[in-house]
Every structure is written in structure tokens, then in C-alpha cells.
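Observations on chain architecture
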Amino acid sequence: MKYIEDFFDLTSTGLLYYFFLAGLYYWICYIIFRKALYNAKIQQKEIRKEDVIREIFHSVISSLMMTVLILLVTHTSLNQYTRVYRNIHEYSVYWLVASIFVGLFIHDTYFYWMHSFLHHKKIFKYVHLVHHQSTNPSPFAAYSFHIAEAVAEGMIVPILLFIIPLHSISIYIFIVSALVINIYGHLGYEIAPRWLRTSFLFNIINTSVYHNMHHHKFKGNYGLYFRFWDKVMKTENPDYVKTYDRIQEKRFGEDN
């Protein structure tokens, strides 16, 4: 009974965050400020209603699968092997913050290789094609996966629970941060500030243009948060910077 109650609690919370955040991004960019953000649109073609419905359907199923994976670890004998801790001072406040960034880097590494694997020609059409039906993604595409991919994607939380010490606060912030960044990557608009282009961060982090190009071109730009692995493995789209600059020039003018 406890397992079922926690399943519904965790699922409803996850879906609440998904619909609130994806819906908020969609409402702001596609409805309220649609005209004002016209130059920030990465692909000018319209988002189709049926695509949004499909993205939401698959995202709901994916959320359910991810919840099951977490509960299989936290509500079974596997829980004794996790490194979750309750007392913040057991590892210090500094580690509480650092663990979030460590988790994001591990996730990015895991995602890059898992994502590249899903693009193998013998696997792509059976699994990853569901996600790539969104060639012009909306914020609701964040979790739009085939069930098998949802399992692969959702495995990152159990993996992190086993390999690094994590406080419940860190786990919560990690999951919400991952969702926010994922929604931004599928936003369809580039909303990054002008200063990012001249900052050292530009060479480190991904942007909405970065992931949008992956959806549009179907290859390259496999990283989730960072450009690191794409640069190392030479899988970054060679037109990325040029495309990003073109979008930002439309937004801010030639002096971008």
C-alpha cells in the first residue's frame, strides 16, 4: 500500500512540474509574447496541435516509467546500497551544492553515450524515432520518449543514488534543474541573453539552438547540458555557432 501511495504522490508531483514548467514556457513564448519573440524563433514553421498532443502523451508515459525506476530502488532492498543521506552536515553544505553539479556532469556523460547509441541505424527507428518525430520541438517534447528510451533516460537517478552521496535536497534540485534545462533545449526559441556569446560559458553549455539543430538535422549535438563530449568526439554540428549568431543577430542586431 505504501508503494502505491508513494507512486501516485511521486507521479503526480512529477507531472505537476512537467505541465507547469512546459506549459509556462509554452504560454510565454507561443502565446503571450509570440510576436515580440518572432526573431527568437529558431525554426519559423508553426508547431502543430497534433504534435503537441503526441509529445504530451509520450511525456506522461515516460514520467510514469521514471517514477517506477526510482521507487524500485528506494522502496526495495536495493535502497540499502544507495548513498542517500539525511544529515546535511554529514558531508557539509559545500558538498550539498557541489553534488548537484557533479550529478549534472555525470548525467551529461551518461546521456551523451546513451543518446549516441540510440542513433545507431539498427536502433534508431525502433526507439529514438519517437522523440525525433518532433523535428520542430515544443517545450512539451522534453519527455516525449519511447518506453524503452524512457527507461534508459530514467536510469540516471538510480545510477546517481548508487555512486555519489546525495541529500534529498540535492536530488530534488537535480531533477527540477534537469527538467528546466531539458524544456529550454526543446523550447523552439533562443532566449539566452546577449552576454552569453562573449562569456566563457558559451563554450561550455548548450543552448536551445544547440539541441534544436539536433532535432532538425537528426545528428550531431548529442550532449544534454554541455558541449564537452561533442567537442571531444567531434560530433558537434559545424554550423552551430554560425546558426546561433544568426538567431542572436536577428534578436539584438549586428552588434550582438
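Counting starts from 1 at the beginning of each chain's written sequence and moves along it residue by residue. Owing to the predicted nature of the model, reporting of local features is limited to residues with pLDDT of at least 70; listing and counting of side-chain atom pairs is limited to 80 or more, with chain, interface and lining totals taken over all residues. Excluding hydrogens and water, the side-chain values take into account all heavy atoms of the structure.

1. Quick word on the overall build of the protein
Put simply, DSSP marks the helices as runs of H or I at least four residues long and the strands as runs of E at least two long, and each gets a number from the N terminus on. Broken down by element type, the protein carries ten helices and two strands. Written out in order from the N terminus, the α and β elements of the protein read α-α-β-α-α-α-α-β-α-α-α-α. For the radius of gyration, the atom set is restricted to C-alpha positions; the globular benchmark scales as 2.2 Å times the number of residues to the power 0.38. For the protein, whose C-alpha radius of gyration is 19 Å, the value lies close to the compact-globule estimate of 18 Å for 256 residues. When the backbone C-alpha atoms are referred to their principal axes, the protein occupies close to 55 × 40 × 40 Å. Working definition: with a 1.4 Å probe on protein chains only, accessible area under 20% of the residue-type maximum means buried, over 50% means exposed, and in between means partly exposed. Burial statistics for the protein: of 256 residues in total, 48% are counted as buried. Considering only intrachain contacts with a sequence separation of at least 6, the fraction spanning at least 24 residues in the protein is 75%. Accessible surface, the protein: about 13,500 Å² in total, of which carbon and sulfur atoms supply 67%. Contacts are assigned to residue pairs that have any heavy atoms within 4.5 Å of one another. Accessible areas in this description were obtained via Shrake-Rupley with a 1.4 Å probe; residue shielding takes into account the shown protein chains only.

2. Considerations on the layout of surface pockets
Reported here for the largest pocket is a volume of approximately 1,100 Å³. A 1.4 Å probe that fits into a set of points on a 1 Å grid over the protein atoms alone but cannot get out defines a cavity; an open set with protein on both sides within 12 Å along at least five of seven lines defines a pocket, and lining residues are those with an atom within 4 Å of a point. Lining the largest pocket are 41 residues; nearest its centre among them are Leu10, Ile70, Val157, Ile171 and Ile175. Elements that contribute at least two residues to the lining of the largest pocket include exactly α1 (2-32), α2 (49-74), β1 (84-85), α3 (92-118), α5 (147-154), α6 (156-163) and α7 (168-185). Counting residues per element, the lining of the largest pocket draws most heavily on α7, which supplies nine residues. Here the lining of the largest pocket is built from residues that sort into 24 nonpolar, 14 polar and three charged. In terms of lining residues, the second largest pocket is bounded by 19 residues, among which Ile181, Tyr184, Ile205, Asn206 and Tyr225 are the most central. Here the lining of the second largest pocket gets four residues from one element, more than from any other, and that element is α7. For the lining of the second largest pocket, the per-class residue count stands at twelve nonpolar, seven polar and no charged. Grid points are joined across faces, edges and corners, and a volume is the space filled by probe spheres set on the points. Ten residue types, Ala, Val, Leu, Ile, Met, Phe, Trp, Tyr, Cys and Pro, are classed as nonpolar, four, Asp, Glu, Lys and Arg, as charged, and the remainder, Gly among them, as polar.

3. Describing the nonpolar core
Take the buried Ala, Val, Leu, Ile, Met, Phe, Trp, Tyr and Cys residues and link them wherever side-chain atoms come within 4.5 Å; each set so joined is a nonpolar core. Judged by nonpolar contacts, the single largest core of 31 residues is most densely connected at Ile183, Tyr189, Val209, Tyr240 and Tyr244. Counting residues per element, this core draws most heavily on α1, which supplies six residues. Excluding its chain neighbours within four sequence positions, the residues that come into contact with Val209 are Ile42, Glu190, Tyr240, Thr243, Tyr244 and Ile247.

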